[in-house]
Amino acid sequence: MTIRLRAPRRLVAAATAGALALSLAACGGTTKDSASGSGDAKAGGKASADPNAPLKKGLKLAFLPKQVNNPYETIVDNAGIAAAKEFGGEAKEVGPSDASASSQVSYINTLIQQRHDAILIAANDENAVCGPLKQAMSKNIKIVAYDSDTNPACRDVFINQASSEEIGRSEVKLLAEQIGSEGEIAILSATANATNQNTWIKFMQDELKKPEYSKMKLVKVAYGDDDDQKSFQQTQGLLQAYPNLKGIISPTTVGIAAAARYISGSKYKGKVALTGLGTPDQMRKFVKDGTVKGFELWDPKNLGYLAAFAAAALSSGQITGAQGEKFKAGKLGERSIGANGEVILGPPTVFDAKNIDQYHF
Amino acid sequence: MSRLMRWETAVTALLVLVFAGGAGFSPDFANNDNLSFALDDLSEIALIALPMTLLVVCGQVDLSVASILGLCSALTGKLWDGGMAIEMIIPLVLVVGVVCGLVNGLLVTRLGLPSLAVTIGTLTLYRGLAYVTLGTGAISEFPTAYTDLATSSIPGTPIPYPVALFVLLAAVTGVVLHATGIGRSLFAIGAQEDAAYFAGIRVKRIKLILFAVSGLVAGFAGVVYTLRYGSARADNGIGLELAVIAAVLLGGVDFDGGKGTLGGVIAAVLLIGLLRNLLMLNDVSTEVQSIVTGLLLIISVLTPRLIAVAREARGRRRGARPAVPAAAP
């Protein structure tokens, strides 16, 4: 058998020529600056709101969490599904098993095909989901972002669990009380790109600039990717790398539980303070065994509940997502839309040994 | 195995069945929007599956493809953020893809290391470089002209532009594999590397070129991925190499090398993608979807072996010599 290798050489030559041609074409090409004019116009025309329109019956809603089987997201979504029954609609939860940037995209397409009235999404990446969400909006499907926002051009409203500023600043205050406002601290976050986490961290850093925290020093922001094992290892790593660490803030329910598990079984128990955002059921035993003094969270049931009512109000034409519009959210009463299409749930609740037994979620 | 009983024929039949079943039972399945989306969603896997088929036929594997994709995505973002033109970024990123592939190829051919071990190493290495390039952040706001190109279809058809490009490349790959001397030498190397070498085939040269092409295509898939999602990230495409290898195996390519067809692989890519789409439309959970894909894979690896065992047993009963293994096509 004789083997000739001329063909691949010819291919290589052709490829090189192609690459060269492309680079020549680059003169006068598309750069960030020349493209920056093409802003994102909001898809679909803005109809005018009719605050007195009745809530439509039989609305089909779908919750698309960052990932399924995440205990926190399950609570939020189940409360939303229950809320939909209150106004005679139906809702379901679908979603990917991993929280990667692109994994939610196929689900959005599926929900478009299934002709849902509204999609409620906690975005893994604010831009990766944008294309398909705009497509959904152009087919008159309402988009409600909850928990973690998308690019504002790709949703109608964002249900914010609490003012991001309030969460960020209160986390620092909570930890400062526990460590006497002195010493090295670290943050254990979820994924590096989670919009909500990063906003909170930004406000934490800003809060730390105040004079009363001059003796507190943020030494590291670690990422556990909302993965139990990874968060556990990151906690271990933080404590080994910074032997003078006095406290950790973990503003994610997966992270704080993993960190508490590690600390409670290590020599750092009682020496390193841990606070952040967690659910009472997850954290109960760590509060009782003294690993954690206090942590906080909004009521995730109310978050899902409010998101469902916002979706219904949008689909029924009561609101369009513009600032200043108001809608009735069942037992939570009247809510209004703030700047940038945000609806704020309310201030977070601090859970400690005194009150934790009153909460079950 | 007779032509009718060939595994890739079975995969193609299954694909037709899934398509017909989907169109019949699910009104949301066989419409232009959904099909075009489902195809577009397969772009990167389909593209990378082409060189991967050639590699596996030749007895090699490249596990670093998804990391090359991630590195190229991160680099695309970094350069775009730095103000470089997209038309300039693309060729540069492709060169980086080729270099990544060449590193794999040189380690395999010059040092004689097994490609599995080499590319497990570079899988971690290239992903690490991707994080060094872009950190854990994301770059977005690519020009809409390009992001639209990555997601929209040729007018009047459900065929997205990246898939049209795939069709072109698939045609070239198919001809190379099944109608040229190079293709025959790939099968020869996969079946018996030493024999191929003594027959005058330049084994090392061919392997090196294959790894470079694999890197090139993975780099290109990185650009497609970035524009399709409008988000350049270092963790883009994590785990994608397994989806590609799953498709190659399901397509009937023997992991030991020397056997397989490109048609089978393409049918398998479409089968996995459309099946997943259909399951999602019917609200089947992610967990069950992975169970279905996993079972399909095990069956695809097991069936040819079972057939071989059964044939051997029959041969022994008749007292005849064991059946001669099917020759490479």
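On a predicted model such as this, the values are computed, not experimentally measured, just so you know.

Chemist: Would you mind going over the overall build of chain B with me for this structure?
Modeler: Helices and strands together make up the secondary structure of chain B, namely 14 helices and two strands. By the compact-globule yardstick of 20 Å for 329 residues, chain B fits well, its C-alpha radius of gyration being 21 Å. Principal axes of the C-alpha set define a box for chain B whose edges measure 75 × 55 × 35 Å. Scored against the burial criterion, the 329 residues of chain B give a buried share of 51%. Long-range pairs, those at least 24 residues apart, make up 78% of the contacts in chain B between residues at least 6 apart in sequence.

Chemist: Just checking my understanding: could you explain the UniProt feature "transmembrane region" (unreviewed entry) in chain B for this structure?
Modeler: Residue and element names in this part refer to chain B. Residues annotated in UniProt with the feature "transmembrane region" (unreviewed entry) correspond here to residues 84-107, 163-187, 208-226, 238-255, 262-279 and 291-308. Annotated as residues 163-187, this span is 96% helix and 0% strand, and its ends, taken at the C-alpha atoms, are 27 Å apart. Secondary structure within residues 291-308 divides into 100% helix and 0% strand; the distance between the first and last C-alpha atoms comes to 26 Å.

Chemist: Explanation requested: the pairing of strand E10 (residues 294-297) of chain A in the structure shown.
Modeler: Regular strands have side chains that alternate between both faces of the sheet. All names here are of chain A. Side chains of E10 alternate between two faces, with Gly294 and Glu296 and Phe295 and Leu297 buried alike. Where E10 lies against strand E14 (residues 349-352), four bridges are found, and the strand directions are antiparallel. Bridge pairing links Gly294 to Asp352 in E14.

Chemist: What is the right way to read the packing of helix H3 (residues 43-57) of chain B against helix H13 (residues 262-281) of chain B from this model?
Modeler: How two helices pack is summed up by the angle between their axes together with the distance between the axes. Residues and elements named next belong to chain B. Contact geometry of H3 with H13 gives a least axis separation of 10 Å together with a crossing angle of 150 degrees. When the axes of H3 and H13 are compared, the pair comes out roughly antiparallel. Read as a crossing pair, H3 and H13 show a hand that is right-handed. When H3 is examined against H13, the residues Ala46, Ala49, Leu50 and Thr53 are found in contact with a partner set consisting of Leu262, Val265 and Val269. Residue classes in the contact of H3 with H13 are distributed as six nonpolar, one polar and no charged.

Chemist: What is the right way to look at the nonpolar core in this model?
Modeler: It is characteristic of soluble globular proteins that their nonpolar side chains tend to be buried jointly. Counting 113 residues, the largest nonpolar core has Ile108(A), Ile143(A), Ile48(B), Met52(B) and Leu186(B) as the members making the most contacts within it. Other than its neighbours up to four places away in sequence, Ile108(A) contacts Leu64(A), Ile119(A), Ile121(A), Val129(A), Pro132(A) and Leu133(A). Counting 79 residues, the second largest nonpolar core, distinct from the first, contains Tyr146(A), Ile167(A), Met283(A) and Phe309(A).

Chemist: Can you walk me through the sheet that holds strand E3 (residues 118-121) of chain A in this structure?
Modeler: Backbone-to-backbone hydrogen bonds join strands into a sheet, with any given pair of strands oriented parallel or antiparallel. Residue and element names in this part refer to chain A. Taken in spatial order, the six strands make up an open sheet running E2-E1-E3-E4-E5-E13, and their pairing is parallel. Each having just a single partner strand, strand E2 (90-93) and strand E13 (342-344) make up the two edges of the open sheet. Neighbour-to-neighbour, the strand axes of the sheet open up by a mean angle of 20 degrees, direction not taken into account.

Chemist: I keep staring at the interface of chain A and chain B and nothing clicks. Help me out?
Modeler: Often, the extent of an interface is quoted as the loss of accessible area upon association of its parts. Listed as interface residues are 42 residues of chain A and, on the opposing side, 47 residues of chain B. Roughly 3800 Å² is buried in total at the junction of chain A and chain B, and carbon and sulfur atoms are behind 58% of that figure. For the interface between chain A and chain B, the tally reads five salt bridges. A salt bridge links Arg115(A) to Asp28(B); its shortest N-O distance comes to 2.7 Å. The tally of links between chain A and chain B comes to 18 residue pairs in polar contact (both at pLDDT 80 or more). Element by element, the count of residues in the side of chain A that touches chain B is highest for helix H1 (residues 6-25) of chain A, at seven residues.

Chemist: What is the right way to look at the environment of Lys220(A) in this model?
Modeler: All names here are of chain A. With respect to the element layout, Lys220 can be found in strand E7 (residues 216-223). By relative accessible area, Lys220 is classed as partly exposed at 36%. Residues contacting Lys220, with those up to four places away along its chain left out, are Ile185, Ala186, Ile187, Leu238 and Tyr242.

Chemist: Can you walk me through the pattern of salt bridges in this structure?
Modeler: Working definition: two side chains of opposite charge can pair if their charged atoms are close together. All names here are of chain A. Per the stated rule, a full pass over the model turns up 24 salt bridges over all chains. Salt-bridge contacts for Glu165 lead to Arg169; the nearest nitrogen and oxygen are separated by 3.0 Å. With a gap of four residues between them, Glu165 and Arg169 both fall in helix H6 (residues 164-179), about one helical turn apart. We classify Glu165 as partly exposed; its relative accessible area is 37%. Connected via shared salt-bridge partners are Glu165, Arg169, Asp206, Glu207, Lys209 and Lys210.

Chemist: Honestly, the pairing of E7(A) in this entry has me stumped. Any pointers?
Modeler: Residue and element names in this part refer to chain A. Both strand E6 (residues 183-189) and E7 contribute to a ladder of seven bridges, which runs parallel. Each residue of the ladder has a partner; that of Ala186, found in E7, is Lys220. Note that the unit made of E6, helix H7 (residues 195-207) and E7 has a crossover that is right-handed.

Chemist: Hey, could you run me through the state of the cysteines in this one?
Modeler: By definition, a disulfide links the sulfur atoms of two cysteines through a covalent bond. Applying the stated criterion to the full structure yields one disulfide over all chains. Here Cys130(A) is linked by a disulfide to Cys154(A), with a sulfur-sulfur distance of 1.7 Å. Handedness here is read from the sign of the S-S torsion; for Cys130(A) and Cys154(A), about 65 degrees, the answer is right-handed. Placement of the pair is Cys130(A) in helix H5 (residues 130-138) and Cys154(A) in the loop between strand E4 (142-146) and strand E5 (157-160), with a sequence separation of 24 residues. Free cysteine: Cys100(B), not disulfide-bonded; nearest cysteine sulfur from Cys72(B) at 6.0 Å. Residue classification places Cys100(B) among the buried positions, given a relative accessible area of 6%.

Basis of the calculations
Residues numbered from 1 in each chain as written. Chains lettered and ligands numbered in written order. Predicted model: local features only at pLDDT ≥ 70, side-chain atom pairs only at ≥ 80, totals over all residues. Heavy atoms only, no water. Helix = DSSP H or I, 4+ residues; strand = E, 2+ residues; numbered from the N terminus. Rg over C-alpha atoms; globule rule 2.2 N^0.38 Å. Buried < 20%, exposed > 50% of the residue type's maximum accessible area, 1.4 Å probe, protein only. Contact = heavy atoms within 4.5 Å. UniProt positions renumbered as here; feature names shortened; annotations may be inferred. Pairing = 2+ DSSP bridges. Axes fitted to C-alpha atoms, helices over the stretch in contact; angles between N-to-C directions. Parallel < 35°, antiparallel > 145°, perpendicular 65-115°, else oblique. Left-handed = near helix turned anticlockwise from the far one by under 90°. Nonpolar A, V, L, I, M, F, W, Y, C, P; charged D, E, K, R; others polar. Core = buried A, V, L, I, M, F, W, Y, C linked by side-chain atoms within 4.5 Å. Buried area = accessible area lost by both parts, 1.4 Å probe. Salt bridge = Lys/Arg side-chain N within 4 Å of Asp/Glu carboxyl O. Polar contact = N/O pair within 3.5 Å; in protein donor to acceptor, adjacent residues only side chain to side chain. Right-handed = clockwise from strand over helix to strand, strands pointing away. Disulfide = S-S within 2.5 Å.

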